[in-house]
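What follows is each chain in one-letter form.
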Amino acid sequence: MDFPLLTVTAAVPAAGAVLTAAVPAARRTAAKWLALLFSLATLALAGLVAARFDPGGERYQLTESHAWIADFGVRYELGVDGIGVALIGLTALLVPFVIAAGWKDADPLETRSPRWRPTQGFFALILLVEAMVIISFEATDVFLFYIFFEAMLIPMYFLIGGFGDRAHAGTDEKAAAQRSYAAVKFLLYNLAGGLIMLAAVIGLYVVAGNFSLQEITAARAAGTLDMATNTERLLFLGFFFAFAVKAPLWPLHTWLPNAMGEATAPVAVLITAVVDKVGTFAMLRFCLGLFPEASKWATPVVLVLALVSIVYGALLAVGQRDIKRLIAYASISHFGFIILGIFAMTSQGQSGATLYMVNHGLSTAALMLVAGFLISRRGSRLIADYGGVQKVAPVLAGTFLIGGLATLSLPGLAPFVSEFLVLVGTFSRYPVAGIVATLGIVLAALYTLVLYQRTMTGPVKEEVRRMPDLRPRELLVVAPLIALLIGLGVYPKPLTEIVNPAVEHTMSDVKQKDPKPEVAVGSENGEAGQ
Amino acid sequence: MENLIALLVAAPLLGAAVLLCGGRRLDRAGHWLGTLLAAASFGIGAALFADMLGRGADDRTMRQHLYSWIPVEGFQADIAFQLDQLSMTFVLLISGVGTLIHVYSIGYMEHDERRRRFFGYLNLFLAAMLLLVLADNYLLLYVGWEGVGLASYLLIGFWQHKPSAATAAKKAFLVNRVGDMGLSIAIMLMFTTFGTFAFRPVLASAGETSEGMLTAIGLMLLLAACGKSAQVPLQSWLGDAMEGPTPVSALIHAATMVTAGVYLIVRSGAIFNGAPDAQLVTAIVGAVTLLFGAVVGCAKDDIKKALAGSTMSQIGYMVLAAGLGPIGYVFAIMHLVTHGFFKAGLFLGAGSVMHGMNDEVDMRKYGGLRRYMPVTFVTFGLGYLAIIGFPGLSGFFSKDRIIEAAFAKGGTEGWILGSVALLGAAITAFYMTRVMLMTFFGEKRWQPAPDADAAADVEPSAGHRPGEMPHPHESPKSMTVPMIVLAFGSVFAGGFFAIGDRFLNWLEPVTGYEHGHPPVSALTVTLATMAVLAVGVAIAWAMYGRRPVPVTAPRGSLLTRAARRDLLQDDFNHVVLVRGGEHLTRSLVYVDHSLVDGVVNGTAASVGGLSGRLRKLQNGYARSYAVSMFGGTAILIAATLLMRAV
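Asker: Would you mind going over the pattern of salt bridges with me for this structure?
Answerer: A side chain with one charge can pair with a side chain of the opposite charge if their charged atoms come near. All names here are of chain B. Inspection of every chain in the model, using the stated rule, returns 25 salt bridges over all chains. Between R586 and E582 there is a salt bridge, with the nearest N and O atoms lying 3.9 Å from each other. Pair noted here: R586 and E582 are both in helix α24 (residues 569-608), with a separation of four residues, about one helical turn. Judged by its relative accessible area of 54%, R586 is exposed. Since its relative accessible area comes to 31%, E582 is described here as partly exposed.

Here it is in structure tokens:
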């Protein structure tokens, strides 16, 4: 039997979580290094997955398949396509930064408290989330996916509720109350989505007789598995609802600003850049793959909701007074773009959406982590408490600006590539939707630059006068993210190469072809590109 | 030779990267490095130019394909360059004027502790601007387009501690983003129509699609051009952009970046040629802006803002010419180049004056400076004569041809556009004479430097003390030499281009040319232009030369007051967009908090009593709930395992 690379890639962070949690209370620093080490090992494994993956090969590769619950046809089936590889890569890449950025977030308030254990817990939970997210990207058995899709709520719940942002305006009790409100809201929203999905998962079993994504997709394509129109639509809605909560899509988004606001900045990155991506990924893989006809049926409504998310999220971001909530609403706007690209059902739209998932992860991580460094210096999340920071901390301000420019999709940085692909892909099928979405271009500039102006420029506020610039550890976290944002903006080919074939498969799942241009231009331009 | 094209962009890009990441070690040599790399770019440009001149007129386009940028099914975007006569003209202008302004900035920014960063941004600008004119497709052009916007943002807000500078920078970027929407939509339309957005295939097959589609693409491109080139209705940012250091105003907001819109229209000539409606709108936008900028320029007392109004107006001429189609393309670009010389020279002169006058920008507090700053006076004076179109100088040749071309459009439109262009020439003569008289002639109206509080609000380019009277002095060599070089261009470039139709023959293979149907002879137009010029100068002389200029501005007529406020466009924006937007976002924040959240929670509550539980959980039951949840999952997993065992 082949080496079970996918299982190992998910098992390593899980093992890391257990070991980190087991480190004795007094050896906090050792626990941190252990966690970092395991996250780096996972990154190496993710690199190996990408290296072993052959873009020109089978749709699902590195597959593993074992019988599990024979009576229900549940199998332990793993496999990755290009989209999965890209997102596993993103996850494995971001977690070391999350750990390094959160290095001191779970330290005890009194420096010498030997019995303080939450530090270990914090890093163990991060690794546990990583393991579950990775296996969600790998699972090709619907039930297996469902289990981890739901199970990841537990460590996330404890990360949000147990380790809040220490920069808080109110008293400690008030902070704790808000934190647990945010955590419970996160849990209940996602749980509600999960319950509805469970019903749909069972329904799918009743109709299809098994849980295998590959088998069902193949049967659907071959016409051997018929679903009544209404059944398919109901099942689609059950799946889509859960993913729309997780993504999140308007109007199911309100848990995200609470969660991202109250959590520490690295955990906020984990939520929006990593965990939420499971939602959009699952729309692409499960909704479109299992229920192609129902997906097309739902497209008009989904597109409208996505457009509302884009514009609404951006406008809400403009109106925020809290830096982290602003970034949360910006993310809602960006998730609108991702969902728009998925449901436009064009090659450019779906490739763009996949790239968008990766690029949004990188840009939000850069912006949010620098924001976290800023917030930890001043002890406040309110935009109005800052001003003139660029004068005292130019490197911090500079990296914050680059993160912001990535968020507004400046051409030359990676998010531009994906945003433009989504726009073009949408426009070629739904011109009006494409034009409405371009409003996001202006609004993104508005909330980003207003944030930058209010915090970084102007006269230096008294409270920030002694603010130190980025420390080496912090710079080490931000610099590679910025390098990646520039690198993938200038040369996204490595990513598009592995994503393109997967998108073609999805396009054939839903039996859609790209709209043809009105004027067929001769071969002239074809030569220029080769 | 083709392989050198990428180096044009790479040299200043390298400079930007090194200077911005290099840290304080480079503080002492950074400005030299930046200047050197700008000059290197110019050197490469000159070498390519020489090579190009050696080829036949039809064989001059050079191409360099680096790599496939975004390879996605059905979508092709390349990092590839195209250097033809049109791009070449821009390359020489950008890198040439750019290098001069780098040299000037060495002296101008000498006292600024962040000079290294300033040069990094200037290099970044050059790289982006060169990319803009060298790209062989619209998407790569877009990268340069936004790149210059970023550089402009960084440089307008260079003195970020001034709230006005930070606000102006943000405003410029935002207004430009509205234009970018137009560029995005234009590219998307091209993609759905032609399946590509590379210049060659799109422009070659523009005739194969409907006029309606070409009009739509053309109007979207025009929207983009309006943003970048400060044309009505997206002109409001340019006046505020004068918050940036003066060399920036000269390079970016006069000579090069703001002319990118003209480049875009002329480059897309094949699209506009097939869309007469879009052309007419372009010409009207140009004509309206031409008057708008000129009127604003008449009312400003701030020397840089007066020049900014003038820039807007002169670009209006170029856009008008570009809107005339093949009759005007060549002259739009010709005026663009000569304007690049004299307007950059005028701004550098203004910077030199400010340098000697405690960074004072109010012309009412100048006066009589010709004796104290002779080099500045002469170079500025030559720039002045060039811009008003004094016979024999650069502006005479280029502006005159635009006015002729406007008449040559024919019909009523031709008469209207031509008359507007003539009227604009008169106003130009008026406001530029006003600037000249208020600055260099008349009585000294100098005031002591503002006190410490206000001093934080002016350009810290010269180390002056509050309360000190200005001691006007000639600027150092590094500043005057670029001014002299530009003055040469202001005097001779136009004649050189026009005699023997050199410029026309050079550009015609790319842009095409038609003579049009002039209703009157060229000589008549020239004489009419001379006449209105004399009228404009005479009125200015009567108002500002014969009478002393008051230090505080008189209240002025209703039009003057409106013009001082940029013809109330800013007030309109403020009331409608800013205030309206604030109300909208504020109410949305409320809606999101109370309504959306409430309805979703409420719906859930009616389904499963979620809301009640949520409230209860807030009161400390959260953990127990999570534990039970955890337990539930554990049971679920145990059950599945059990099933397997059974």
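Asker: Hey, could you run me through the environment of H334 of chain A in this one?
Answerer: All names here are of chain A. Relative to the assigned elements, H334 resides in helix α13 (residues 323-344). Residues H334 and D81, 253 residues apart in the sequence, show an inter-C-alpha distance of 24 Å. Discounting chain neighbours no more than four positions away, the residues touching H334 are Y356, H360, T407 and Y447. For H334, the side chain forms a polar contact with the main-chain oxygen of T407, separated by 3.1 Å.

Asker: Help me out: how do you make sense of the pairing of strand β1 (residues 61-69) of chain A in this one?
Answerer: Two faces belong to every sheet, and in a regular strand the side chains alternate between them. Residues and elements named next belong to chain A. Pairing of β1 with strand β2 (residues 74-80) involves six bridges; the strand directions are antiparallel. What sits directly across from I69, in β2, is V74. Hairpin connection between β1 and β2: a loop of four residues separates the two successive antiparallel strands, and G73 in this loop has a positive phi of roughly 70 degrees.

Asker: I keep staring at the interface of chain A and chain B and nothing clicks. Help me out?
Answerer: Contact with chain A, which involves 87 residues of that partner, is made by 77 residues of chain B. With both sides pooled, the region where chain A packs onto chain B buries about 7,400 Å², and carbon together with sulfur makes up 71% of that total. For chain A, the biggest contributors to the area lost against chain B are L188, F420 and F427 of chain A; these three give 8% of the whole. At the junction of chain A with chain B, the criterion picks out zero salt bridges. Linking chain A with chain B are 15 residue pairs in polar contact (both at pLDDT 80 or more), by the criterion used here.

Asker: Explain the nonpolar core here, please?
Answerer: Proteins that are soluble and globular tend to have nonpolar side chains buried together. Within the largest apolar cluster, 420 residues are counted, with the highest numbers of intra-cluster contacts made by F239, F243 and F343 of chain A together with F75 and L139 of chain B. Summarising the domain contributions, this core has at least three residues from each of domain 1 (1-290) and domain 2 (294-515) of chain A. The contacts of F75 of chain B, once residues within four sequence positions are left out, are Q348, F420, L421 and V424 of chain A together with I70, L139, F191 and F197 of chain B.

Asker: How do you make sense of helix α4 (residues 115-134) of chain B when you look at a structure like this?
Answerer: Counting along an α-helix, one turn takes 3.6 residues, and residues three or four places apart therefore face a common direction. Taking 1.5 Å per residue as the helical rise, α4 of chain B with its 20 residues ought to reach 28 Å, and the 29 Å between its terminal C-alpha atoms agrees with that figure. With 19 of 20 residues buried, α4 of chain B lies mostly within the body of the structure.

Cut-offs applied
- Residues numbered from 1 in each chain as written.
- Chains lettered and ligands numbered in written order.
- Predicted model: local features only at pLDDT ≥ 70, side-chain atom pairs only at ≥ 80, totals over all residues.
- Heavy atoms only, no water.
- Salt bridge = Lys/Arg side-chain N within 4 Å of Asp/Glu carboxyl O.
- Helix = DSSP H or I, 4+ residues; strand = E, 2+ residues; numbered from the N terminus.
- Buried < 20%, exposed > 50% of the residue type's maximum accessible area, 1.4 Å probe, protein only.
- Contact = heavy atoms within 4.5 Å.
- Polar contact = N/O pair within 3.5 Å; in protein donor to acceptor, adjacent residues only side chain to side chain.
- Pairing = 2+ DSSP bridges.
- Buried area = accessible area lost by both parts, 1.4 Å probe.
- Core = buried A, V, L, I, M, F, W, Y, C linked by side-chain atoms within 4.5 Å.
- Domains from an automatic or database assignment.
- Expected span 1.5 Å × (residues − 1).

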